[in-house]
Every structure is written in C-alpha cells, then in structure tokens.
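# Close look at the chain arrangement
Residues per chain, in single letters:
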Amino acid sequence: MSNRIGPIRDHVREHRRVLIYSHDTFGLGHLRRCRTIAHALVERDKGMSVLILSGSPIIGSFDFRSRVDFVRVPGVIKLRDGDYTSLNLHIDIEETLAMRASIIRHTAEIFDPDLFIVDKEPLGLRGEVLETLQMLKSRGTPLVLGLRDVMDEPAALAPEWERKKVMPALDKLYDEVWVYGLPQICDPLEGVKVPPSVRRKMVYTGYLERKTSVNAAVPDMPDTPYILVTPGGGGDGEDMVDWVLRAYEHDPDLPNRALIVLGPFMQRELQTEFLARAAALPKVEALTFEAQLETLMANAVGVVAMGGYNTFCEILSFDKRALIVPRMVPRLEQYIRASRAQELGLVSMLPDDGARDAEAMAAALRHLPQQHVPSDVIVPGLLDGLENVNRLAERHLSMPRRPARRPTLRRRA
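The structure reproduced in this document is the subject of the present report. (Residues numbered from 1 in each chain as written. Predicted model: local features only at pLDDT ≥ 70, side-chain atom pairs only at ≥ 80, totals over all residues. Heavy atoms only, no water.)

## Section: the overall build of the protein
- Scanning the protein for helices and strands turns up 13 helices and 15 strands.
- For the protein, whose C-alpha radius of gyration is 22 Å, the value lies close to the compact-globule estimate of 22 Å for 413 residues.
- Considering only C-alpha atoms, the protein reaches an extent of 70 × 50 × 45 Å along its principal axes.
- The 413 residues of the protein split such that 56% are buried.
- If you take every contact in the protein between residues at least 6 apart in sequence, the share linking residues at least 24 apart comes to 77%. (Helix = DSSP H or I, 4+ residues; strand = E, 2+ residues; numbered from the N terminus. Rg over C-alpha atoms; globule rule 2.2 N^0.38 Å. Buried < 20%, exposed > 50% of the residue type's maximum accessible area, 1.4 Å probe, protein only. Contact = heavy atoms within 4.5 Å.)

In structure tokens form, the structure reads like this:
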C-alpha cells in the first residue's frame, strides 16, 4: 500500500471533484439520497465531477447526470442476527470487506477528491472507510458526514456508536456533520452523549427536495386518479402491501385505484403472490420496480408508504397527502419520523398493530384524498436541503487544502 501523501500536481486542477461514500447493504435509501446530492452538486457547478462509491446491487438501474459516475464495491447483506455475509460471491465476509476497503481507499487515492462526503455510517461498514478518512485527512481534504433526520431511538443508537468508537472519529477526523432535516422535526443524536466539539460541527440543512427527471422516459400510469403504494426497496414492506391488498379485497368499492410498486428487494415468491392478488382486483395495479418513482408520485392523488427518508422527502416535495405505515423493527426510525410529522400535520399515520385490520386500512384509504397537503403547514426552511448542501460544499471547496497531521485511530472489526 502506498504511503505517499498525495499525487504530485504540476498545476492547479481546473475541475473540482467530490467523492461520496454509501455503504448500501440493503435497500434504496442511501443510494437515492447520495444520487440526489450528486445531481444537485453538478447542476450548480458545471466544472464539477462527482463519483459515488456504493455497494448497491442495482445502482446500474438508475440514470445519472453527466459528470456523475459510480464505483460499485462487492455487495454485502445484513443477516437477522446482525452479522453480514457476501451478497453474491461465495467468499468469506472478511475477504469481502477487505476487498471493499481496498477499492474504497485506492479509488479515493487516485480520484483525489476536493471534498469527501460519507453517508450515515461514520466509519463505513465495519470500519472500512477509516483508512480512507485518515489518508484524505493527511491530504487536507475536507471530510463531511451526512446524517438523515432520524437515526434510531437513543437506546439503540448510543450503544451502537459506543461499540463502533464513532465519537472519536467525529471529533478528530470530520470537519462537519450535515443533518438532512430540521431540529423541530428531529435531532438525530437526541439522547446520545455528544461532546460540544462535535455538536458545534452539526449543521441542519433542511430536507432534500426532489424533482421529476426531465429527460427520463415517462412510466406507464393509470388514466384515472390513483393512490401510489410504495414500500421503498420492498425488502421489509410485505406487511404494508398485504394490508392494502386486504383492504381492497374487503371493500372493492374504494373510490380510488391503487398503484403498488413492490420494490426490487422484495422476495420473489412474495412478488409473485402480490402480483396475482392485484390482478384479481379491478381497482389495483402492481409492478415490481420503477426507477422513475418520482413521476408516479407527482401524479398520484395520495401516497401510502412506510415513511423512509427518501419517500418522506418526495411526499414533501410533491406536496402529497400521505398515509404512513411505519416499520417498527429493527429500528424505530420510520415511526419516530412519522410521529413527529403527524404532530406537525404534515402526514397521517396508521401504526402496524400486528392485527392489520382490513376495515381500518380501507377507512384510512377513503379518508386519504380529503387530508390536508403538507404545504398547508408552514415550516420555514423545510425543503432547503439541496440549496444549503451546495452552499456548504462551496465553502469547503473554495478553501485551500492544508495537509493535516495523520490522526491515530484503530480500525474496528
């Protein structure tokens, strides 16, 4: 492994570079957030290039703007016991993680970014980004951690971050922590012992506004008013989808059609079952995946969703009446977000009580088109996230790089 501080430059580089890391063990949330930020950065600065490091197995299914590209590291998946295993390769998880760490470091070494943004996991999956952070710190590259508005309940997040030795990294390595939300909705580190030195690095940006893609192909949509039902990636959304289907099976006279996008990570046998049930219902249509989900949402009369970060941003951006059915395990992230949003009047929530009464869901679906839209509630700065991310990035990018002393932190297994 090379010990040199950085590449030798004969001249000042004309174009600026941003590197974004997303661990992406499962689901679409991290990838979609990073892609949104990358697109906003290159749209503002025509001389910028953004490279995304991702473990998502379907990153190639998304379109990327000019000057945005990606490097895919070998995928992993989290097991029910909390451990990880290789997603597609028949190799040991430690070998997979070693390859990922090597690809990440060497990509960063050669790409030589002017700004490095890490999404959600401060040290990466099992500490795989630590050496890259240390290397870039020695080059004087600004390091930023981006956090969604809600991480988890403090009782779960505090011991997790203690075990991973996160606070020393936030204190010694990172220059800033961007929170993609607002404090009046949630403080992602509420209840966690955070040193004042780290608190001073936290900046709330507001939520990341979404738009429909101008150049993308328009997906097929029902020609009558419809409610969009989306469990995000779909890997843990089968209960919500089943509940909606049972509501239409219970009450075929529900006024609006339902368009269900099952998600690419839903188990194949469940997809098959749900597609067959939807085909038997005259007012329900289902498909497995749609890359242009924003367009489907923009044209819907209402949305039923689990309330992940990206879906919440889209609901706000397209000003959609929404019914949130939050996931309760293994994290309370969606429940916390939905509860705060319901208190503010931005959405309504129907918690999963385990019984999932079909009549209760049918009643909620009937009421959904009569709800207030999010814009009826005035929350200053609610959707200023991308504007503030660009402003914050520009501040870092415009400063001269000063090599710093290499911090001494040990990688956690």
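## Some points on the sheet that holds strand S2 (residues 48-54)
- Strand order in this open sheet of seven strands is S3-S2-S1-S6-S7-S8-S9, and the pairing throughout is parallel. Each of the sheet's edge strands pairs with one partner strand only, and the pair in question is strand S3 (68-72) and strand S9 (202-204). The mean inter-strand angle of the sheet, taken between neighbouring strand axes irrespective of direction, is 25 degrees.
- Direction of pairing for strand S8 (residues 176-180) relative to S9: parallel, over a ladder of three bridges. Note that in S9 the partner of valine 179 across the bridge is tyrosine 204.
- Relative to S2, helix H1 (residues 29-44) is tilted by about 170 degrees, and along the sheet it contacts strand S1 (16-22), S2, S3, strand S6 (115-119), strand S7 (143-148) and S8. (Pairing = 2+ DSSP bridges. Axes fitted to C-alpha atoms, helices over the stretch in contact; angles between N-to-C directions.)

## Topic: helix H2 (residues 93-111)
- End to end, H2 covers 27 Å across 19 residues, agreeing with the expected 27 Å (1.5 Å per residue, within 8%).
- Inspection of H2 places Ile93, Thr96, Leu97, Arg100, Ala101, Ile104, Arg105, Thr107, Ala108, Glu109 and Phe111 among the buried residues, and these make up the whole buried set.
- Capping the start of H2 is the job of one residue whose side-chain oxygen sits 2.8 Å from the backbone nitrogen of glutamate 94: aspartate 92.
- At the exit of H2 stands aspartate 112, carrying a positive phi of roughly 50 degrees. (Expected span 1.5 Å × (residues − 1). Polar contact = N/O pair within 3.5 Å; in protein donor to acceptor, adjacent residues only side chain to side chain.)

## Considerations on helix H12 (residues 358-367)
- Those residues of H12 that sit buried are Ala358, Met361, Ala362, Ala364 and Leu365. Taken end-on, H12 shows its buried residues confined to a sector of 160 degrees, consistent with a single buried face.
- Looking at the buried residues of H12, the elements they touch are strand S10 (226-230), helix H7 (238-250), strand S13 (302-305) and strand S14 (322-324).
- Sitting at the head of H12, aspartate 357 places a side-chain oxygen 3.3 Å from the backbone nitrogen of glutamate 359. (Arc of directions from axis to C-beta.)

## Quick word on the side chain of glutamine 334
- As for its position among the elements, glutamine 334 is in helix H11 (residues 333-344).
- You can call glutamine 334 buried: its relative accessible area is 7%.
- Filtering out sequence-adjacent residues up to four positions away, glutamine 334 remains in contact with Met306, Gly307, Gly308, Pro326 and Arg327.

The values reported here are purely geometric and, on their own, carry no functional implication.
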